[in-house]
Amino acid sequence: MIVSTKGRYALRVLIDIAENSKDGKYIALKGIAERQQISQKYIEAIMTMLSKGGLVDAAHGKCGGYKLNRKPEEYKMTDILSLTEGDLAPVACLETGALECEKAPHCRTLPMWKDLHKTIKDFFDSYTIADLMNKK
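Residues numbered from 1 in each chain as written. Predicted model: local features only at pLDDT ≥ 70, side-chain atom pairs only at ≥ 80, totals over all residues. Heavy atoms only, no water.

Student: Would you explain the environment of Met49 in this entry?
Tutor: With respect to the helices and strands, Met49 occurs in helix 3 (residues 40–52). Sequence spacing of Met49 and Thr84 is 35 residues, and the spatial spacing of their C-alpha atoms is 7.5 Å. When sequence neighbours within four positions are dropped, the list of residues in contact with Met49 reads Lys6, Leu83 and Thr84. (Helix = DSSP H or I, 4+ residues; strand = E, 2+ residues; numbered from the N terminus. Contact = heavy atoms within 4.5 Å.)

Student: Please clarify how the packing of helix 2 (residues 29–36) against helix 3 should be interpreted in this entry.
Tutor: In the contact formed by helix 2 and helix 3, the axes pass within 9 Å of each other and the chain directions differ by 115 degrees. As for how helix 2 packs across helix 3, the hand of that crossing is right-handed. When helix 2 is examined against helix 3, the residues Leu29, Lys30, Ile32 and Ala33 are found in contact with a partner set consisting of Gln40, Ile43, Glu44 and Met47. Its residues assigned to classes, the contact of helix 2 with helix 3 comprises five nonpolar, one polar and two charged. (Axes fitted to C-alpha atoms, helices over the stretch in contact; angles between N-to-C directions. Left-handed = near helix turned anticlockwise from the far one by under 90°. Nonpolar A, V, L, I, M, F, W, Y, C, P; charged D, E, K, R; others polar.)

Student: Would you take a moment to explain the packing of helix 1 (residues 5–20) against helix 2 for this structure?
Tutor: Two quantities define a packed helix pair, namely the angle between the axes and the distance from one axis to the other. Two numbers describe how helix 1 lies on helix 2: the axes approach to 10 Å, and their chain directions differ by 115 degrees. In this view, helix 1 runs roughly perpendicular relative to helix 2, as classed from their interaxial angle. Judged by the sense of rotation from one axis to the other, the crossing of helix 1 with helix 2 is right-handed. From helix 1, Arg12, Val13, Asp16, Ile17 and Asn20 reach across to helix 2, where they touch Ile32, Arg35 and Gln36. Split by residue class, the contact of helix 1 with helix 2 holds three nonpolar, two polar and three charged. (Parallel < 35°, antiparallel > 145°, perpendicular 65-115°, else oblique.)

Student: What's the story with helix 2 in this structure? I'm lost.
Tutor: Because each turn of an α-helix spans 3.6 residues, side chains separated by three or four positions in sequence point in the same direction. Here helix 2 has its buried residues at Leu29, Gly31, Ile32, Ala33 and Gln36. Those residues of helix 2 hidden inside the fold are in contact with helix 1, helix 3 and strand 2 (65–68). (Buried < 20%, exposed > 50% of the residue type's maximum accessible area, 1.4 Å probe, protein only.)

Student: I keep staring at the side chain of Thr84 and nothing clicks. Help me out?
Tutor: Relative to the elements of secondary structure, Thr84 occurs in helix 4 (residues 77–85). Setting aside residues no more than four positions away along its own chain, Thr84 makes contact with Lys6, Gly7, Ala10 and Met49.

Rendered as structure tokens:
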């Protein structure tokens with residue numbers, strides 16, 4: 001599994017918002033882009049995805065920007081990466097909505113893939129934005 005630039009940047013942006021948001025104020029996109037050294041245009045695409053996915057609130061205008069809509073400790077990495085990367089399943093047959101393979105009842109590798117999928121989910125569920133804020 002390789003996490004794309006979009007997924008990695010989404011994590012950085014959410015951490016930045018969490019660290020720089022005081023009293024629930026919106027954080028300007030320009031400031032995020034400068035601090036994270038990511039193009040503003042690329043961050044706009046990421047923020048649109050995060051906003052539509054319900055992970056941030058957006059406000060337009062002079063005092064606009066983005067803010068988290070819950071506490072940093074309530075953001076699991078699984079939720080963020082599933083939004084940016086799609087399904088985190090290691091094989092196609094375990095993806096959400098996949099039809100069961102005709103070989104599944106006799107597949108000798110399926111239990112291994114299921115274990116890996118659970119391990120990945122459990123690993124990312126064990127980290128929150130708050131955890132990453134505290135690691136420097």
